[in-house]
Amino acid sequence: MYQVILLKSETGFARQQRETADDVLDHEGVTYTLRAGPRQPLPTDHAWDEIAVYAPEEITEEEFQDWYARLQPQVEELRLKY
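Note that the structure is predicted; figures quoted are calculated from it, not measured.

Structural notes on the nonpolar core
- With 15 residues, the main nonpolar core has Ile5, Leu7, Val53, Phe64, Tyr68 and Leu78 as its most contacted residues.
- Those elements giving two or more residues to this core turn out to be β1 (2-7), β5 (50-56) and α1 (61-71).
- Examining the composition of this core, we find that four residues originate from one element, α1, more than from any other.
- Look past the residues within four positions of Val53 in its chain and what remains in contact with it is Ile5, Leu7, Thr33, Leu34, Arg35, Ala36, Phe64, Tyr68 and Leu78.
- In this structure, Val4, Ala21, Tyr32 and Ala52 belong to the second largest nonpolar core, which totals eight residues.

Written as structure tokens, this is what we have:
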């Protein structure tokens, strides 16, 4: 299983469990592309599935990096060590 984080905007995200981490996926009519991962977090107080981070295909890499940084305080998976 994969823990999928969908960056929907600079302030919004969705979390899903998926069997695969495809390069492209559709969610609520928006096409998302894989931007980070999948990667296995280092152990914490519990086991983690591999994390895959997606963003809308139309945003640039710079926008993705900005959204990722803005959402880190809210999304535990974005703060994990790898």
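So, the sheet that holds strand β3 (residues 24-27)
- Taken together, five strands build an open sheet; the order of strands is β2-β1-β5-β4-β3 and the sheet is mixed. Of all the strands in the sheet, just β2 (13-18) and β3 have a single pairing partner and so form its edges. Between one strand axis and the next, the sheet turns through 30° on average, direction left out of account.
- In this sheet, β5 lies alongside β1 in parallel orientation, the contact comprising five bridges. The partner of Leu6 across the bridge, within β5, is Tyr54.

Considerations on a negative patch on the surface
- A contiguous patch of negative charge on the surface is contributed by Asp26, Glu57, Glu58, Glu61, Glu62 and Glu63.
- Examining the composition of the negative patch, we find that three residues originate from one element, α1, more than from any other.
- Structurally, Asp26 is set in strand β3.
- By relative accessible area, Asp26 is classed as exposed at 55%.

Analysis parameters
Residues numbered from 1 in each chain as written. Predicted model: local features only at pLDDT ≥ 70, side-chain atom pairs only at ≥ 80, totals over all residues. Heavy atoms only, no water. Core = buried A, V, L, I, M, F, W, Y, C linked by side-chain atoms within 4.5 Å. Buried < 20%, exposed > 50% of the residue type's maximum accessible area, 1.4 Å probe, protein only. Helix = DSSP H or I, 4+ residues; strand = E, 2+ residues; numbered from the N terminus. Contact = heavy atoms within 4.5 Å. Pairing = 2+ DSSP bridges. Axes fitted to C-alpha atoms, helices over the stretch in contact; angles between N-to-C directions. Patch = residues over 30% accessible without salt bridge, like charges linked within 9 Å, V, L, I, M, F, W, Y side chains within 5 Å. Areas by Shrake-Rupley, 256 points an atom, 1.4 Å probe, with all protein chains shown as cover. Salt bridge = Lys/Arg side-chain N within 4 Å of Asp/Glu carboxyl O. Lys, Arg positive; Asp, Glu negative; His and termini not counted. Charge placed at Lys NZ, Arg CZ, Asp CG, Glu CD.

In short, shape yes, function no, at least from these values alone.
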